[in-house]
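Analysis of the macromolecular model
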Amino acid sequence: MPILTEITEAPAMSGAFSSPTRGTPRLALRLVPYKSLTPEGFVWFIGVTATLISLPLLSILGTSVFWALLPFLIAAVWGIWAALQRSWRDMDLYEDVMIWDDLIRIVRHDPRKSPRDWEANPYWVRAILHTKGGPVPNYLTLKGGAREVELGAFLTPLERVELKEILERSLGSATPVT
């Protein structure tokens, strides 16, 4: 799945972007973190790990030592499985960026938290790339009014630069709406 994907329709559950009066947004992006481990890769990794850990046990198969070591083998494989599952669930976050002529809306969806959103008039919003001093390299924020929000902190530095260029093109064509 690409990191920057265009949203073609509103999410079915949230209703956050379904506005019959606004129409189709000028820009609709969904920002998602990169996941290097696919579901198939997860199965392969656990299978290979369990096989490699149990290989030394073949020499003691059928002895009491085998039965003494078996619970530790099972605990090790379960621990790796649980840690990878938790890491995977923690990466189930994404940000939706929608820009209309008179509104920019960002909704951040974190696992185990309620969605956080931010809205502003796109004419007054600036995309700011902090090359130094941010929590991550090329830290991207949007400032509109008195509030400044981070955007795509989970993306790579080059992806944040690309995102800033996309946002500036879309924000630059905004007209003041009263």
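First things first, this report covers the structure right here in the doc. (Residues numbered from 1 in each chain as written. Predicted model: local features only at pLDDT ≥ 70, side-chain atom pairs only at ≥ 80, totals over all residues. Heavy atoms only, no water.)

**What to know about the sheet that holds strand E6 (residues 126-130)**
Spatially, E6-E7-E8 is the arrangement adopted by the three strands of the open sheet, whose pairing is antiparallel. Of all strands in the sheet, those with a lone pairing partner are E6 and strand E8 (147-150), marking the two edges. Across this sheet, the average inter-strand angle for adjacent strands is 30 degrees, counted without regard to direction. Sheet topology places strand E7 (residues 139-144) next to E8; four bridges connect them, and they run antiparallel. Across the sheet, the residue bridging to Leu142 is Val149, located in E8. (Pairing = 2+ DSSP bridges. Helix = DSSP H or I, 4+ residues; strand = E, 2+ residues; numbered from the N terminus. Axes fitted to C-alpha atoms, helices over the stretch in contact; angles between N-to-C directions.)

**Focus: the packing of aromatic side chains**
As enumerated under the stated definition, the model contains three aromatic pairs in all. Ring centres of Phe66 and Trp67 lie 5.1 Å apart, and the angle between their planes is 80 degrees; on these two criteria the pair is classed as edge-to-face. Relative accessible area serves as the criterion here: at 11%, Phe66 is assigned to the buried category. Considering the side-chain rings of Tyr123 and Trp124, the 4.8 Å spacing of their centres and the 85 degrees angle between planes classify their relative orientation as edge-to-face. Since its relative accessible area comes to 37%, Tyr123 is described here as partly exposed. According to the relative accessible area criterion, Trp124 is exposed, its value standing at 59%. (Phe/Tyr/Trp six-rings, centres within 6.5 Å; stacked < 30°, edge-to-face > 60°. Buried < 20%, exposed > 50% of the residue type's maximum accessible area, 1.4 Å probe, protein only.)

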